[in-house]
Amino acid sequence: MHLAELLEAAGERDEAVSVIAAVVATEPENVRARSVMLRLLSPPSSRPSAPSADPDPVPETPIEESPFDWGSAEDQVANLFQPAFVETDDTS
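Residues numbered from 1 in each chain as written. Predicted model: local features only at pLDDT ≥ 70, side-chain atom pairs only at ≥ 80, totals over all residues. Heavy atoms only, no water.

**Describing the overall build of the chain**
When helices and strands are tallied, the chain shows 4 helices and 0 strands. Each helix (α) and strand (β) of the chain, taken in turn from the N terminus, gives the series α-α-α-α. Burial analysis of the chain (92 residues in total) assigns 15% to the buried set. Of the contacts formed within the chain by residues at least 6 apart in sequence, a portion of 35% connects residues at least 24 apart. In the form shown here, the chain has an accessible surface area of approximately 8,000 Å², with 58% of it arising from carbon and sulfur atoms. (Helix = DSSP H or I, 4+ residues; strand = E, 2+ residues; numbered from the N terminus. Buried < 20%, exposed > 50% of the residue type's maximum accessible area, 1.4 Å probe, protein only. Contact = heavy atoms within 4.5 Å. Areas by Shrake-Rupley, 256 points an atom, 1.4 Å probe, with all protein chains shown as cover.)

Written out as structure tokens, the structure is:
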């Protein structure tokens, strides 16, 4: 969504619409994304100005270390299936 707003500020409205359309498609309940889409699709004379700051910033939560050993899990399933569309050289 931030990318769409940056594109809009740079005058790249078509690209901004493409980016925000992807956000709205995956998060149709996202009010902020819908308002950005509305602003981008409004005629220039009736278009509200872009907000200067995020009115409701989402606090960033630190990513905690997982006790799950992903490397060990990967090793356990590494040889279950051969990669698709990979030919092996049987002459060796």
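**Comments concerning the nonpolar core**
If you look at the biggest cluster of nonpolar residues, it comprises 9 residues: Ala4, Leu7, Ala16, Ile20, Val23, Ala33, Val36, Met37 and Leu40. Listing elements by their share of this core, those giving two or more residues are helix 1 (2-9), helix 2 (13-26) and helix 3 (31-41). With 4 residues, the top contributor of residues to this core is helix 3. When neighbours within four sequence positions are excluded, Leu40 is seen to be in contact with Glu8, Arg13, Ala16, Val17 and Ile20. (Core = buried A, V, L, I, M, F, W, Y, C linked by side-chain atoms within 4.5 Å.)

**Overview of helix 1**
All of the buried residues along helix 1 are Ala4, Glu5, Leu7 and Glu8. For helix 1, the arc enclosing every buried residue in end-on projection is 160°, short of the 170-degree limit, so these residues lie on one face. Across helix 1 from its buried face, at more than 90 degrees, point the exposed residues His2 and Ala9. Elements in contact with the buried residues of helix 1: helix 2 and helix 3. Remark: Gly11 follows helix 1 within two positions and exhibits a positive phi of approximately 85°. (Arc of directions from axis to C-beta.)

**Some thoughts on the packing of helix 1 against helix 2**
Viewed as axis vectors pointing N to C, helix 1 and helix 2 meet at an angle of 170°, and their least axial separation amounts to 8 Å. Judged by the angle between their axes, helix 1 and helix 2 are roughly antiparallel. Of the residues in helix 2, those in contact with Leu3, Ala4, Leu7 and Glu8 of helix 1 are Arg13, Glu15, Ala16, Val19 and Ile20. Its residues assigned to classes, the contact of helix 1 with helix 2 shows 6 nonpolar, no polar and 3 charged. (Axes fitted to C-alpha atoms, helices over the stretch in contact; angles between N-to-C directions. Parallel < 35°, antiparallel > 145°, perpendicular 65-115°, else oblique. Nonpolar A, V, L, I, M, F, W, Y, C, P; charged D, E, K, R; others polar.)

So yeah, pure geometry; function would need other evidence.
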